[in-house]
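# Reading the structure
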Amino acid sequence: AQTVTQSQPEMSVQEAETVTLSCTYDTSESDYYLFWYKQPPSRQMILVIRQEAYKQQNATENRFSVNFQKAAKSFSLKISDSQLGDAAMYFCAYREGSNFGNEKLTFGTGTRLTIIP
Amino acid sequence: GAGVSQSPSNKVTEKGKDVELRCDPISGHTALYWYRQSLGQGLEFLIYFQGNSAPDKSGLPSDRFSAERTGGSVSTLTIQRTQQEDSAVYLCASSYRVGNQPQHFGDGTRLSIL
């Protein structure tokens, strides 16, 4: 079974600084997708960024970028120029690559990010 | 509506009672997922619907849990004879069936069992 591990329950960063959240996963599949979701106090899960395993290039979305190390099964999230609105729980998630099957997500336990003004 | 809608937002009930949680997915989304988020934990998959059928129920924790979906739209998650360990946030997500489409989540229902 696939597992996702986030070893940092809590992280904090000074506003405008850069922070990196760690995630490792375990799978025997070669085709899969990885995601970072943000969950503010409103509880809604918001997709931050996603990475297809077959792509070597790291995904980037504005201030958010990932460091995807497929051989090491590592998928870290870097947030640059941290803003107060970035404060939230961040979840790393995995799903198998399947165009027509079940696309259920497997989540890590999350990292609570605090932004220090 | 524009997003996934879940009701109620919060539910408090006594141990042993039955509860129904509702999810109204984004219009046109054929795939629907239920997840459970216990305190301090990540999301745990419960059940997946494709249209009105549920090809994967593997995450339902016991036979007290059931779910249905009608008209390829609204889904109801029912928990019978609730126990205190059922207390959690129940999140629903939907997506288009065509591959590689992201899941859109609702705000969840916070269920508290007294």
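## Points about the overall build of chain B
Looking only at helices and strands, one finds 0 helices and 11 strands in chain B. Going residue by residue from the N terminus, the α and β elements of chain B occur as β-β-β-β-β-β-β-β-β-β-β. The globule rule puts the C-alpha radius of gyration for 114 residues at 13 Å, and the 13 Å found for chain B is close to it. The buried share of chain B, taken over its 114 residues, is 47%. For chain B, the proportion of contacts with a sequence separation of at least 24, taken over those separated by at least 6, is 53%. Per element, the accessible surface of chain B, about 5300 Å² overall, is 44% carbon and sulfur. Across chain B, the centroid of the 11 positively charged side chains sits 1 Å from that of the 11 negatively charged ones.

## With respect to unusual backbone geometry
Ser7(B) connects to Pro8(B) through a cis peptide bond whose omega is -10°. Within the element layout of this structure, Pro8(B) appears in the loop between β1 (5-7) and β2 (10-13). Phi is positive for Asp81(A), which is not a glycine, with a value near 50°. Even without a glycine there, the phi angle at Arg81(B) is positive, about 50°.

## Re the packing of aromatic side chains
Under the definition given, this model contains 15 aromatic pairs over all chains. Ring geometry for Tyr35(B) against Phe45(B): centres 6.1 Å apart, planes inclined by 75°, an arrangement best described as edge-to-face. Of this pair, Tyr35(B) sits in strand β4 (residues 31-37) while Phe45(B) sits in strand β5 (residues 43-50); the two residues are 10 residues apart in sequence, bridging distant segments of the chain. Here the aromatic cluster, defined as three or more aromatic residues joined through ring pairs, consists of Phe35(A), Tyr37(A), Phe91(A), Phe107(A), Tyr33(B), Tyr35(B), Phe45(B), Tyr48(B) and Phe105(B). The ring of Tyr33(A) has Arg95(A) lying over it, and the distance from NZ or CZ to the ring centre is 4.3 Å.

## Looking at the layout of surface pockets
One number sums up the size of the largest pocket: a volume of about 490 Å³. If you trace the largest pocket, you find 24 residues lining it, with Gln39(A), Arg112(A), Gln37(B), Leu39(B) and Gly40(B) closest to the centre. A breakdown of the residues in the lining of the largest pocket according to their chemical character gives 10 nonpolar, 10 polar and 4 charged. Here the second largest pocket is characterised by a volume of approximately 210 Å³.

## Re the interface of chain A and chain B
The parts lose accessible area when they come together, and the size of an interface is often stated as this lost area. Tallying the contact residues gives 21 residues for chain A and 28 residues for chain B. Regarding the contact of chain A and chain B, the summed buried area is about 2000 Å², with carbon and sulfur atoms giving 42% of it. The three residues of chain A that bury the most area against chain B are Arg43(A), Glu103(A) and Lys104(A), which together make up 30% of that side's buried surface. Linking chain A with chain B are 1 salt bridge, by the criterion used here. Among the ionic pairs, Asp56(B) bridges to Lys104(A), the shortest N-O distance being 3.1 Å. Secondary-structure elements contributing two or more residues to the side of chain A that touches chain B are β5 (32-39), β6 (46-52) and β10 (88-96) of chain A. Residues of the side of chain A that touches chain B, tallied by class, amount to 8 nonpolar, 8 polar and 5 charged.

## Re the environment of Glu96(A)
All names here are of chain A. Within the element layout of this structure, Glu-96 appears in strand β10. Along the primary structure Glu-96 and Gln-39 are separated by 57 residues, whereas in three dimensions their C-alpha atoms are 22 Å apart. In this structure, Glu-96 is in contact with Gln-2, Glu-29, Asp-31, Tyr-32 and Tyr-33, ignoring residues within four places of it in sequence. One polar contact links Glu-96 to Gln-2, side chain to side chain, over a distance of 3.0 Å.

## Some thoughts on the pattern of salt bridges
Two side chains carrying opposite charge are able to pair once their charged atoms lie near each other. Residue and element names in this part refer to chain A. Tallied over the entire structure, the rule returns 9 salt bridges over all chains. Residue Arg-50 is joined to Glu-52 by a salt bridge in which the shortest nitrogen-to-oxygen separation is 3.9 Å. In this structure, the salt-bridge partner of Arg-63 is Asp-86, at a minimum N-O distance of 2.8 Å. You can see Arg-63 sitting in the loop between β7 (60-61) and β8 (64-69) and its partner Asp-86 sitting in the loop between β9 (74-79) and β10, a full 23 residues away along the chain. Summarising the burial analysis for this pair, Arg-63 and Asp-86 share the class buried. Each member of the salt-bridge network shares a partner with another, and the members are Arg-50, Glu-52 and Lys-55.

Here is what the cut-offs are and how they apply
Residues numbered from 1 in each chain as written. Chains lettered and ligands numbered in written order. Predicted model: local features only at pLDDT ≥ 70, side-chain atom pairs only at ≥ 80, totals over all residues. Heavy atoms only, no water. Helix = DSSP H or I, 4+ residues; strand = E, 2+ residues; numbered from the N terminus. Rg over C-alpha atoms; globule rule 2.2 N^0.38 Å. Buried < 20%, exposed > 50% of the residue type's maximum accessible area, 1.4 Å probe, protein only. Contact = heavy atoms within 4.5 Å. Areas by Shrake-Rupley, 256 points an atom, 1.4 Å probe, with all protein chains shown as cover. Lys, Arg positive; Asp, Glu negative; His and termini not counted. Charge placed at Lys NZ, Arg CZ, Asp CG, Glu CD. Phe/Tyr/Trp six-rings, centres within 6.5 Å; stacked < 30°, edge-to-face > 60°. Lys NZ or Arg CZ within 6 Å of the ring centre and 35° of its normal. 1 Å grid on protein atoms, 1.4 Å probe; cavity = no way out; pocket = protein on both sides within 12 Å on 5 of 7 lines; lining within 4 Å. Points joined across faces, edges and corners; volume = space filled by probe spheres on them. Nonpolar A, V, L, I, M, F, W, Y, C, P; charged D, E, K, R; others polar. Buried area = accessible area lost by both parts, 1.4 Å probe. Salt bridge = Lys/Arg side-chain N within 4 Å of Asp/Glu carboxyl O. Polar contact = N/O pair within 3.5 Å; in protein donor to acceptor, adjacent residues only side chain to side chain.

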